[in-house]
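Each chain, written out:
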Amino acid sequence: MIAGYGHTKFGDLGRVTSRELVVAATIEALEMTNLNRNQIDSIYLGMLSPDIFEHQMHAAPGIPDYLGLNHTPSTRIEAACASGGLSVLHGIMAVASGFHDVVLSVGAEKMTNLPTSHTTEALAMCADDIYEVASGITFPGAFAMMARAHEHKYGTNAEMRASVAVKNHKHALDNELAQFRKELTIEKAMNSLMIADPLTLYDCSPITDGAAAVIIVPWEDRADYEGIRVKVKSFSQASDTMSLHDRNDLTGFMTTKVAARKAFDRASLQPKDIDFLEVHDCFTIAEIMAIEDMGFFEKGKGGQVTLDGETARDGHLPVNASGGLKAKGHPIGATGVSQIVEVAKQLSGNAESRQLNDVQYGMTQNLGGSGSTIVCHILERGD
Amino acid sequence: MKEITRVVKAYEDAINQNRIVGSQCTSCQDISVPPRPLCKNCGSSEIEITTIEGAGTLLTWTVIHIAPPSHLERVPYILGIVELKNNQKLTGIVELEEGINPDFGMELIADFEEGQEGASRLRWRSRI
């Protein structure tokens with residue numbers, strides 16, 4: 001179960017290292033519980049690229065180092081933008097196996113040190129270097145090609161995509177940790193700078209610094225722990241081809257379908273049982289495809305239902321009440337952990353002004369590369 | 001010791017010679033472009049490198065306005081996914097003559113840009 005969480009402010013945080021961000025998120029998480037840092041058995045650090053962003057390889061031991069822990073094992077997990085979700089998944093597996101009792105899964109990224117074109121280049125390295133990067137692909141470009149294919153097949157237009165951004169910006173107004181806390185209009189989103197046609201600036205998540213942490217302990221021992229009680233119902237992971245062009249369908253992610261199905265099966269739940277979602281809206285079209293591929297809406301209807309408000313905080317299936325990657329920010333390694341933090345906040349009744357009513361199950365979908373890695377989790381409100 | 005099947009080198013060498021190659025499974029005959037060390041249909045490691053016709057149709061595309069440093073001087077450029085005749089696909093820059101716009105199903109032929117190496121050489125142009 002999740003016993004505690006911590007989350008820094010997301011945004012351009014200036015001169016600070018990812019290690020310092022991790023310490024802040026971890027101390028906050030520990031302080032929710034009756035645990036002290038010396039009780040952490042193992043650390044899983046989700047991080048895309050301390051090497052490129054901070055000129056620091058071997059970042060994992062830097063975490064116990066700065067936490068003042070002697071010899072605690074620490075492992076960095078890299079799965080592009082799914083690094084954080086995968087660090088949580090491995091933390092859960094370590095506890096579920098019985099090998100560890102107290103695990104820290106933490107994600108972080110310090111991205112704002114580099115000029116934008118260099119950050120774009122670094123992120124593009126998550127695509128297939130031989131066949132995609134050499135051809136001049138960017139991540140906005142990859143998702144733009146999917147957006148065009150989705151529009152061609154299902155009629156998902158710029159207004160529908162913009163409605164994802166408008167919704168998530170509105171949600172972020174109630175999240176004091178979000179990078180952007182300003183309302184957005186459909187017109188402004190549609191008329192913003194073209195990044196990769198048809199995706200404009202407001203179709204894209206930003207470049208962000210930040211960290212998020214969770215403390216994972218055995219559900220069976222819950223009586224021993226103070227803090228929150230959010231049960232891990234299930235987790236899942238799936239992989240697909242490195243290159244987008246090797247997929248049969250360019251209007252969605254088979255990995256999302258496979259991972260979501262596994263998560264539902266392992267939890268003995270169905271989409272109708274889930275009360276709210278945090279999904280990987282690195283681009284507006286990605287949220288539309290996610291809510292379709294996870295099985296919540298018919299394929300091709302994701303844009304229209306978003307425009308109709310069905311996925312707003314007051315809709316029948318709230319999606320990204322936190323503001324999502326789009327408005328909360330997307331510090332790559334932190335993102336998947338941040339999704340878990342948001343679900344844990346909602347399920348423990350700690351989401352303050354954005355608290356959703358009567359929620360029992362929340363689900364996350366964290367995406368790496370052009371959907372080459374997907375990680376899903378289903379969490380349940382504890383007693 | 002198992003011999004290393006160098007499919008990437010085969011692809012890059014071929015592109016440098018203005019050809020596109022794939023791998024063909026010697027047992028089930030399935031073709032993969034780009035080439036793969038194991039047949040993606042039957043898993044066999046018995047593959048042969050085979051030349052593929054450099055022609056296909058445009059499945060989807062974008063126009064890149066914000067590019068990485070390696071492509072900054074090219075913006076804006078069209079990047080597309082091209083479906084080859086054997087249902088295999090490749091990503092590449094599409095260069096169209098003035099006045100011609102990209103379209104779904106547009107027929108394209110492969111071209112190769114001098115001064116580039118490996119996969120970066122591949123360009124797609126409209127069939128005139």
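Residues numbered from 1 in each chain as written. Chains lettered and ligands numbered in written order. Predicted model: local features only at pLDDT ≥ 70, side-chain atom pairs only at ≥ 80, totals over all residues. Heavy atoms only, no water.

## Regarding the overall build of chain B
For the record, the criterion: Secondary structure elements follow DSSP: runs of H or I of four or more residues count as helices, runs of E of two or more count as strands, with numbering from the N terminus. Residue exposure (1.4 Å probe, protein chains only): buried if accessible area is under 20% of the type maximum, exposed if over 50%, otherwise partly exposed. Using a 1.4 Å probe, accessible areas were evaluated by the Shrake-Rupley method; residue-level cover was limited to the displayed protein chains. When charges are tallied, Lys and Arg are placed among the positive residues and Asp and Glu among the negative ones, while His and the ends of the chain are skipped. Positions of charges follow a simple convention, taking NZ of Lys, CZ of Arg, CG of Asp or CD of Glu.
Helix and strand counts for chain B come out as one helix and eight strands. In chain B, the succession of helices and strands from N to C terminus is α-β-β-β-β-β-β-β-β. Residue burial in chain B is summarised as follows: out of 128 residues, 45% are buried. Only carbon and sulfur atoms are counted for the fraction: they give 47% of the accessible area of chain B, which is about 6600 Å². In chain B, the 13 positive side-chain charges and the 18 negative ones have mean positions that sit 5 Å from each other.

## A short note on empty space enclosed by the protein
Residue and element names in this part refer to chain A. Short version of the rule: Both site types are read off a 1 Å grid over the protein atoms alone. A 1.4 Å probe that fits but cannot get out defines a cavity, while an open set with protein on both sides within 12 Å along at least five of seven lines defines a pocket; lining residues have an atom within 4 Å of a point. Grid points are joined across faces, edges and corners, and a volume is the space filled by probe spheres set on the points. Note on residue classes: Ala, Val, Leu, Ile, Met, Phe, Trp, Tyr, Cys and Pro are nonpolar, Asp, Glu, Lys and Arg are charged, and everything else, Gly too, is polar.
Per the counting criterion, the structure on display carries two cavities of 30 Å³ or more. When its volume is computed, the largest cavity comes out at roughly 40 Å³. Lining of the largest cavity is provided by H7, N175, L177, K328, S338, V341, E342, K345 and R354. When grouped by side-chain class, the residues that make up the lining of the largest cavity number two nonpolar, three polar and four charged.

## Regarding the packing of aromatic side chains
Two aromatic rings are characterised by how far apart their centres lie and by the angle between their planes. All names here are of chain A. The condition is simple: Pairing of aromatic rings covers Phe, Tyr and the six-membered ring of Trp, with a centre-to-centre limit of 6.5 Å; geometry is then stacked below 30 degrees between planes, edge-to-face above 60, and tilted otherwise. By the criterion adopted, a ring carries a charge over it if an Arg CZ or a Lys NZ lies within 6 Å of its centre and within 35 degrees of its normal.
Across all of its chains, the model carries five aromatic pairs over all chains by this definition. Relative to F253, the ring of F143 lies with its centre 5.9 Å away and its plane at 65°, an arrangement referred to as edge-to-face. Taken together, the positions of F143 in helix α6 (residues 139–154) and F253 in the loop between β8 (230–239) and α9 (254–267) put the pair 110 residues apart, joining distant regions of the chain. Residue F253 is classed as buried on the basis of its relative accessible area of 2%. Among the aromatic residues, those joined into a cluster by ring pairs are F143, F253 and F283. For R19, the ring lying beneath its charged end belongs to Y66, and the centroid distance is 4.8 Å.

## Considering the environment of T200 of chain A
Residues and elements named next belong to chain A. Spelled out, the test is: Note on contacts: a residue pair qualifies if any of its non-hydrogen atoms lie within 4.5 Å across the two residues. Here a polar contact is taken to be a pair of N or O atoms separated by no more than 3.5 Å, where protein atoms must pair a possible hydrogen donor with a possible acceptor and residues adjacent in sequence count only if both atoms sit in side chains.
Position of T200 among the secondary structure elements: in strand β6 (residues 199–200). For T200, a relative accessible area of 5% corresponds to the buried category. The spacing of T200 and A108 is 92 residues in sequence and 26 Å in space, taken between C-alpha atoms. Excluding its chain neighbours within four sequence positions, the residues that come into contact with T200 are A189, M190, S192, L193, M194 and I195. A distance of 3.0 Å separates a polar atom in the side chain of T200 from a polar atom in the side chain of S192.

## Observations regarding the domain arrangement of chain A
Residues and elements named next belong to chain A. Using the following cut-off: Residue ranges assigned to the domains are those given by an automatic or database domain assignment. Here the buried area means the combined drop in accessible surface, using a 1.4 Å probe, for two parts upon being joined, counting both sides.
Each assigned domain of chain A is listed with its residue range as follows: domain 1 (2–114 + 209–224) and domain 2 (135–199 + 230–381). A straight line from the C-alpha centre of domain 1 to that of domain 2 covers 23 Å. The partner domain 2 presents 34 residues to the 39 residues of domain 1 that form the contact. For the pairing of domain 1 and domain 2, the buried interface totals around 2800 Å² over both sides, and the portion due to carbon and sulfur atoms is 73%. Together, Y5, F10 and C81 form the three largest contributors to the area buried by domain 1 at its contact with domain 2, with a combined 24%. For the pair domain 1 and domain 2, the number of links is 11 residue pairs in polar contact (both at pLDDT 80 or more). Within the residue set of the side of domain 1 that touches domain 2, elements represented by two or more residues are β1 (2–7), α4 (83–96), β4 (103–110) and β7 (209–216). Here the element with the most residues in the side of domain 1 that touches domain 2 is α4; it accounts for nine residues. In terms of residue class, the side of domain 1 that touches domain 2 is built from 23 nonpolar, 12 polar and four charged.

## Describing the layout of surface pockets
Residue and element names in this part refer to chain A. Volume-wise, the largest pocket comes out at about 630 Å³. In this structure, the largest pocket is lined by 29 residues; those nearest its centre are P140, C204, S205, P206 and I207. Residue assignment for the lining of the largest pocket shows that the elements contributing at least two residues are α5 (116–124) and α6. Per element, the largest residue contribution to the lining of the largest pocket is four residues, and it comes from α5.

## Quick notes on the domain arrangement of chain B
All names here are of chain B. The following threshold applies: One speaks of a salt bridge when a side-chain nitrogen belonging to Lys or Arg is within 4 Å of a carboxyl oxygen belonging to Asp or Glu.
The domains assigned to chain B are domain 1 (7–52) and domain 2 (55–126). On a C-alpha basis, the centroid separation for the pair domain 1 and domain 2 is 21 Å. At the junction of the two partners, domain 1 supplies 13 residues and domain 2 supplies 14 residues. Here domain 1 packs against domain 2, burying approximately 1000 Å² in sum over the two surfaces, 61% of which is carbon and sulfur. If you sort the residues of domain 1 by the area they bury against domain 2, I15, N18 and I20 come out on top, with a joint share of 42%. If you look at where domain 1 meets domain 2, you find zero salt bridges. For the interface between domain 1 and domain 2, the tally reads seven residue pairs in polar contact (both at pLDDT 80 or more).

## Looking at the packing of α4 of chain A against helix α13 (residues 332–347) of chain A
Residue and element names in this part refer to chain A. Inclusion rule: As a rule, the C-alpha atoms of each element are fitted with a line to give its axis, helices using only the stretch in contact, and angles between N-to-C directions run from 0 to 180 degrees. Note that the term roughly parallel is reserved for angles under 35 degrees, roughly antiparallel for angles over 145, roughly perpendicular for angles of 65 to 115, and oblique for everything else.
Two elements in contact, α4 and α13, have axes whose closest approach is 5 Å; the angle formed by their N-to-C orientations is 55°. Judged by the inter-axis angle, α4 sits oblique to α13. Residues S83, G84, G85, S87 and V88 of α4 form the contact with α13, whose participating residues are G333, G336, V337 and I340.

## A closer look at helix α7 (residues 158–172) of chain A
Residue and element names in this part refer to chain A. Going by this rule: A helix is expected to span 1.5 Å for every residue after the first.
Helix length check: α7 (15 residues) gives 21 Å between terminal C-alpha atoms against 21 Å at 1.5 Å per residue, within 8%. For α7, the tally of buried residues reaches 12 of 15 residues, placing the bulk of the element in the interior. Of the surrounding secondary structure, the elements contacted by the buried residues of α7 are α6, α8 (186–190), β6, α10 (284–293), α11 (302–307) and α12 (324–328). Capping of α7 at its N-terminal end is provided by N157; its side-chain oxygen lies 3.2 Å from the backbone amide nitrogen of E159.

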